[in-house]
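What follows is the residue order along each chain.
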Amino acid sequence: MAALLPELLSLASGTLRMATPLILCAMGGLFSERSGIVDIGLEGKMLAAAFAAAAAAAVTGSASAGLAAGCGAALLLALVHGFASITHGGNQVVSGVAVNMLASGLTITFGQAWFASGGATPALPASARFMTVVGGHNILVLAALASVPLTWWVIGRTRFGLRLRAVGESPRAVQAAGVSVAGLRYRAVLACGLLTGIAGTYLSLAQSAGFSREMTAGQGYIALAALIFGKWRALPAFGACLLFGFVDVLAIRLQGVAVAGVAVPVQLFQVLPYGLTVILLAGFVGRAVAPKAIGLPFVGGR
Amino acid sequence: MRAGGTLPRWAELGLVPLLDVLCAFLAAALVVLAIGVSPLAVLRAILAGALGDAGALGYTLYYATNFVFTGLAVALAFHAGLFNIGGEGQAILGGLGTGLVALALDRVLPGWLLLPVAIAAAALFGAGWAAIPAWLQARRGSHIVITTIMFNFIAAALLVYLLVNVLIAPGSMSPETRAFQPAASLPLAHDGLRALGFAAAPSPLNASGLVALAAAAAVWFTLWHTRFGYRLRVMGLNPGAALYAGIPIGRMTVGVLCLSGALAGMVGINEILGVQHRLILNFSAGYGFGGIAVALMGRNHPAGIVLASLLFGILNQGGAEISFDIPAVSREMVTVIQGLVILFSGALAGFSRPLARGLLAFAGAALSRRAGAPASREG
Amino acid sequence: MSPGQTAQAAIELRGVSKSFGPVKAVRDVSLAIPDGAVAGIVGENGAGKSTLMNLVYGLVSPDAGEMLVRGREAVLSGPGDAIRLGIGMVHQHFMLVDTFTVAENVALGAEGSALLRPSLAAARRALGRIADEHGLRVDPDAIVGDLPVGEQQRVEILKVLYRGARILILDEPTAVLTPGETDALFRVLRGLSAGGVTVVLVTHKLREIMAATDGVFVMRGGRLVASRPTRETSPGELATLMIGDHGRSVLLPDATSRRRPAVQPEGFPGDAGVHRPHAEAAAASGPRSTQHAVSLDLRAGEIVGVAGVAGNGQGELLEVLAGMRPLAGGRIGLGGREVTPAAPCDPAAMRALGVAHVPEHRHRHGIVEEFTAAETAILGYEADPGLGRRRLDGRAAERSCAGLMARFDVRPPDPRHLSGRFSGGNQQKLVIGREISARPRILLVGQPTRGVDIGAIAAIHREIRALRDEGCAILLVSAELDEIAALADRVLVMLRGRIAGEVPADADPETLGLLMSGAGRERDAA
């Protein structure tokens, strides 16, 4: 028992580390999607933030400057998505794909132009990163943990949250109540940008010591899966992020380990979040009901 | 022309999309400027790298082949009102299918029999991988966009697993299968040209290029000259009319997505049978997503898709070469351009409508001034 | 002018007019609604009622005239201004968030603070107070989507009252209500009126006007044609005022086309049985999918008109018969073939059985705007072997479309013209031409002349009569009583998903109006 405890603690700690970017992204996605704006661009915003944070930290030597740059980059992409989806009434999925491709291309293009090492940024010294503050975790992990009750509170307990939920279900009702549909949705999309910005900063300034190309490696999509798996609610989505983080840790621990004489393929763990989400969406286990007005452009007027 | 007035049809179908694409390229030029390089120099380098000699041209066309396949896949689904972002996964499965057939039969069957079977396997595997999300949408109500995204990742993991654990060539250090026998190789273009008496520089361009053109023609014929295509378009343009006409939307969804997946799966034959001659990782390399840009830019028309594919082929090949000439510019600039095209021609489609309106008003005023001038002199 | 005797008017309109393009929706309307009264505004579809109310609520601004609210001139630039002046509107389509509680819906947009708890507490208190004052009781913690429609409507009223409205406009409030819910609503309105709230009830149901109002204004063709204190008028008078006698002479059929056709037509292969279809469909209707059984016979060579106020199940009846909606129960007999819930029949199979369908909603179902005329002209008939055995022969489609265009005078007569760019009348001729050209045994027609110009109306009517004279059985749903009177051999009236009665084609509009409004039964009972 005494020998097991440190093992469990390390497992929990590892899970939290892997889940941190997922949690931040999922909470960001929650704001956007609960307001009716589909966001498959979580991945791109997080990638752009990771790059911007590492680049700024490399140049200024300051982690907080990195955080500011990371959030700035993600907010910029969030605005692009917002303009296309809200003001222009364009296809939100297409816009999300564009954001992802832009981030994928721009990070390497600028990285190569500025640092000339194949898209990566220089390795950062500890002083330019977010280092451990409590129990082996840094401040961004704490921010991720704090984002969950905060999201839950804002969505469920504030006027803004009430209107945000309303606009995702019935924009006509919101308009009839004399509240601006576009204004609410822009705020939601920007909240999403801010949180994905922190997530990206975590990847390049805390989990790693710098940016490397495509370093998000699909985590934005896993966060999207967690959001859907959590049925667009803060606490269940948090649980899904922890589950997927745990699966990740397990995949690393079990590499090369045989269970009952059969080697467990790592890939099985990797696809678990996606597979579970597909099964959930197909209604084989429970039912994930999206906000009613999600993905539909709102054209004002009567 | 009134400010809020409608544009003539030719402008709506031709001018506005063209201006949208121009906006995308203008934005790309700004990115290039931002990294301190002259856009014109980049343009020159890209054109030289892509079209400078016969070998480069071959590479350009080889890249374009993949884009034609995935662009057609996306466009066909678009016409039915379906958004297939699973081209990436379907391409992987197509390569897997064709690779499995080649591995199993390349010592048994002669080339003339093996190749059609292997091509059919690519189509079948791609179709099968698309059929699952399609069926889930038609029968279980889960949205095709999310499931096809998830299936991309599942396909990638599946390929890794199979290559690392099952199909890996004995004694190989990297995750790839043994090389196929020559029977499983698609004829290369330069070999064909040499047989006809033309000297041609070697390039990976192969017979899949012809398959791609045939596929474009077949998609065009299907869309506008068959009952299936007619019903598909009704479904995409007005689902209410499809219900009214008695078009079985569920069955059509599965059928259309299967065809779309089969087209995406054909990337596998170009890469695996045409070039690699073994099954490797990452051969789909973003063509699935690139196909979205190609389809949007080509206005979902097979002819437009072939042209857009050529452009993206040029960008891909020129982009690959450009880092030699201008080290500050990486080939990922091509991804940026694809992203911008998806943004401006897709999510922001019609963005340049006010610009088109202004241009027409300007042209109209200029014309009427010229027409009006002699009249006033007479008067 | 004013029906009541109260001194000051809650709302007064003076010479208000509003046009949309060439359409004069409201013409020179002057009226005064006394404070605390329940006033009714009646009229047929398109009489201008809704536009008038949108003017009062600030959703559109008038071209001419002025409006006074409690004696003071008011210029509204939007609903916000109306709300500030104490005017509230309950829309026909609810503006509610289904997943929210009653209190949340009521508070939405009128929250007092940035935190939800105090806002919701205030809403709850206010709901309690309103319940005490007006007897308008709804559980504040119920989820709105779980409530019956009648209670959802109460929530809409509560929302408006919570925002301090003293003048309440209800647009067709009973369209979705059951009779019991309707009576409950009227009690609520009475209570509100007693509490000093002015109520404006917009409807085309005469029974409701008689039951609920103090005074009534009748609109027709954008004009206010009469105003009466309710106790001094009768449903019969109101029906006559509403419908008028305009246009009837234009549309009355000539004597020859009224002649009963030969029962046994020529030109159709097969036995006579197929010309005697029998329909007994249970159509699902209304948002709550309450099911009503409908039984009707449709015989070869007759036009059966289905009259009724919009939304009483006529559209659903057509869609069930066309195979677009599943049959919930009962059976449809089509000559030899039986359609039941267990043996359904999709629209394509219905067409193969000789059932053609001109849909009520042309744009939603009947055409594909982006298609050429030739492509739209084969919609639903694309399987026809005449269009090529394997491939779909575009030339053949264009040739047959050109023929159709010549026969039905579709302009411009260009098969490659885009369907969306034809005028409404020509689109409709294209659709009707397509369905008639299929030489159907049964034709289902919904609103054949909606949005169609006068010239085209006559042509469309001629074609429908000609088809009937060839022996086709025709079911005609129309909101235009004149049209039904001009075409039908007998008339069924639908009310709340049921057939309320059958009248001969030459029944006077008053009888028809009474049946449609549901007042007929009461008069019979009295």
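Residues numbered from 1 in each chain as written. Chains lettered and ligands numbered in written order. Predicted model: local features only at pLDDT ≥ 70, side-chain atom pairs only at ≥ 80, totals over all residues.

Engineer: What is the right way to look at the environment of Glu133(C) in this model?
Structural biologist: All names here are of chain C. Looking at the element boundaries, Glu 133 is found in helix α4 (residues 116-134). Among the residues examined, Glu 133 registers 15 C-beta atoms within 10 Å and is labelled partly exposed. Between the alpha carbons of Glu 133 and Gly 43 there is a distance of 32 Å; along the sequence they are 90 residues apart. (Helix = DSSP H or I, 4+ residues; strand = E, 2+ residues; numbered from the N terminus. Buried ≥ 20, exposed ≤ 12 C-beta atoms within 10 Å, placed from the backbone.)

Engineer: Quick question: what am I supposed to make of the interface of chain B and chain A here?
Structural biologist: Every contact between the two is made by 38 residues of chain B and, on the other side, 37 residues of chain A. At the level of elements, α5 (111-140), α6 (144-166), α13 (287-297) and α15 (333-347) of chain B are the ones that each hand at least two residues to the side of chain B that touches chain A. If one sorts the elements of the side of chain B that touches chain A by residue count, α6(B) sits on top with 11 residues. Partitioned by chemical class, the residues of the side of chain B that touches chain A number 27 nonpolar, nine polar and two charged. (Contact = placed C-beta atoms within 7 Å. Nonpolar A, V, L, I, M, F, W, Y, C, P; charged D, E, K, R; others polar.)

Engineer: Explain unusual backbone geometry to me, please; I cannot follow it from the model alone.
Structural biologist: Among all residues except glycine, the phi angle is most often negative; among peptide bonds, the trans geometry is most common. Of note, the amide linkage connecting Arg411(C) to Pro412(C) takes the cis form, showing an omega dihedral of -5°. By the secondary structure assignment, Pro412(C) is in the loop between α14 (394-408) and α15 (424-437). At Asn300(B), a position not held by glycine, the phi torsion is positive, near 60°. With respect to the helices and strands, Asn300(B) occurs in the loop between α13 and α14 (302-325).

Engineer: Explain the packing of helix α1 (residues 4-34) of chain A against helix α10 (residues 234-253) of chain A to me, please; I cannot follow it from the model alone.
Structural biologist: Geometrically, a packed helix pair is captured by the angle between its two axes and the distance between the axes. Residue and element names in this part refer to chain A. Running from amino to carboxyl end, α1 crosses α10 at an angle of 140°, the nearest separation of the two axes being 7 Å. Accordingly, the angle class assigned to the pair α1 and α10 is oblique. In this structure, α1 meets α10 at a crossing whose hand is right-handed. On the side of α1, the interface is formed by Leu 11, Gly 14, Thr 15, Leu 16, Met 18, Ala 19, Leu 22, Ile 23, Ala 26, Met 27 and Leu 30, while α10 contributes Ala 234, Ala 237, Phe 238, Cys 241, Leu 242, Phe 244, Gly 245, Phe 246, Asp 248 and Val 249. (Axes fitted to C-alpha atoms, helices over the stretch in contact; angles between N-to-C directions. Parallel < 35°, antiparallel > 145°, perpendicular 65-115°, else oblique. Left-handed = near helix turned anticlockwise from the far one by under 90°.)

Engineer: Help me out: how do you make sense of the pairing of strand β1 (residues 9-20) of chain C in this one?
Structural biologist: For a regular strand, side-chain orientation follows a simple rule: the groups alternate between the two sheet faces. Residues and elements named next belong to chain C. Inspection of the sheet shows β1 paired to strand β2 (residues 23-34) by eight bridges, in the antiparallel sense. Residue Glu 12 lies in a different strand from β2, and its bridge partner there is Ala 32. With antiparallel pairing between neighbouring strands as the criterion, β1 and β2 make up a hairpin whose turn holds two residues, including Gly 21 at a positive phi of roughly 60°. Here β1 pairs with strand β4 (residues 64-69) via five bridges, running antiparallel. In the strand pairing of β4, Ile 11 is matched with Val 69. (Pairing = 2+ DSSP bridges.)

Engineer: When you look at the packing of helix α2 (residues 42-60) of chain A against helix α3 (residues 63-87) of chain A in this model, what are you seeing that I'm missing?
Structural biologist: All names here are of chain A. The geometry of α2 relative to α3 is characterised by a closest axis approach of 7 Å and an angle of 145° between their N-to-C directions. Regarding α2 and α3, the two cross each other, and that crossing is right-handed. Where α2 abuts α3, its residues Gly 44, Lys 45, Ala 48, Ala 49, Ala 50, Ala 52, Ala 53, Ala 54, Ala 55, Ala 56, Ala 57 and Thr 60 lie against Ala 63, Ala 65, Gly 66, Leu 67, Ala 69, Gly 70, Cys 71, Gly 72, Ala 73, Ala 74, Leu 77 and Ala 78. Across the contact of α2 with α3, the residue classes break down as 18 nonpolar, five polar and one charged.

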